[in-house]
Amino acid sequence: QVQVVESGGGLVQPGGSLRLSCAASRGFLSVDVMAWYRQAPEKPRELVASITNGTHIYYRPFAKGRFTLSRDIGTNTMYLEMTSLKPEDTAVYYCLVTGVTTHSGSAEDYWGQGTLITVSS
């Protein structure tokens, strides 16, 4: 079964830190891209950071210097370490995995269910 599961969200005070995890199930035969997106209330979903082919990491400007993306290729798990969190980081964070699965003949996008991060005092 193909699944993408996020974990690690919650309530944190401004200036605090959180670590998100995204696990891609064994149904993935190969993974090309793993990425974190977020969607704040009444705003469109936006890219936070991504890793391509297990090596090339991209950060949006608002994430650079505060967020760190890493990936365990052996377990197809991706992490996002977030520091110096601000109230404007409040959003539902989604994991996107682009890869070939046991059900697909070519790479497709698979989204997780999302995890809420609230930055508030």
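Since we're looking at a predicted model, the values are computed, not measured.

## Regarding the sheet that holds strand β1 (residues 4-7)
Part 1: Spatially, the four strands line up as an open sheet ordered β1-β3-β8-β7, and their pairing is antiparallel. Of all the strands in the sheet, just β1 and β7 (67-72) have a single pairing partner and so form its edges. Going from strand to strand, the sheet's axes swing by 15° on average, the running direction of each strand aside.

## Some details on the nonpolar core
Part 1: In this structure, W36, M82 and V97 are the most contacted members of the largest nonpolar core, which totals 29 residues.
Part 2: Listed by contribution, the elements that provide at least two residues to this core are β3 (18-24), β4 (28-39), β5 (46-52), β7, β8 (77-82), β9 (91-101) and β11 (115-119).
Part 3: Other than its neighbours up to four places away in sequence, V97 contacts V4, C22, A24, F28, V31, V33, M34, E108, D109 and Y110.

## Concerning unusual backbone geometry
Part 1: A positive phi angle, close to 55°, is found at N53, a residue other than glycine.
Part 2: With respect to the secondary-structure elements, N53 resides in the loop between β5 and β6 (56-59).
Part 3: What makes N53 exposed here is its relative accessible area of 55%.
Part 4: Look at S84: it is not a glycine, yet its phi comes out positive at around 50°.
Part 5: Topologically, S84 is positioned in the loop between β8 and β9.

So, how was this worked out
Residues numbered from 1 in each chain as written. Predicted model: local features only at pLDDT ≥ 70, side-chain atom pairs only at ≥ 80, totals over all residues. Heavy atoms only, no water. Pairing = 2+ DSSP bridges. Helix = DSSP H or I, 4+ residues; strand = E, 2+ residues; numbered from the N terminus. Axes fitted to C-alpha atoms, helices over the stretch in contact; angles between N-to-C directions. Core = buried A, V, L, I, M, F, W, Y, C linked by side-chain atoms within 4.5 Å. Buried < 20%, exposed > 50% of the residue type's maximum accessible area, 1.4 Å probe, protein only. Contact = heavy atoms within 4.5 Å.

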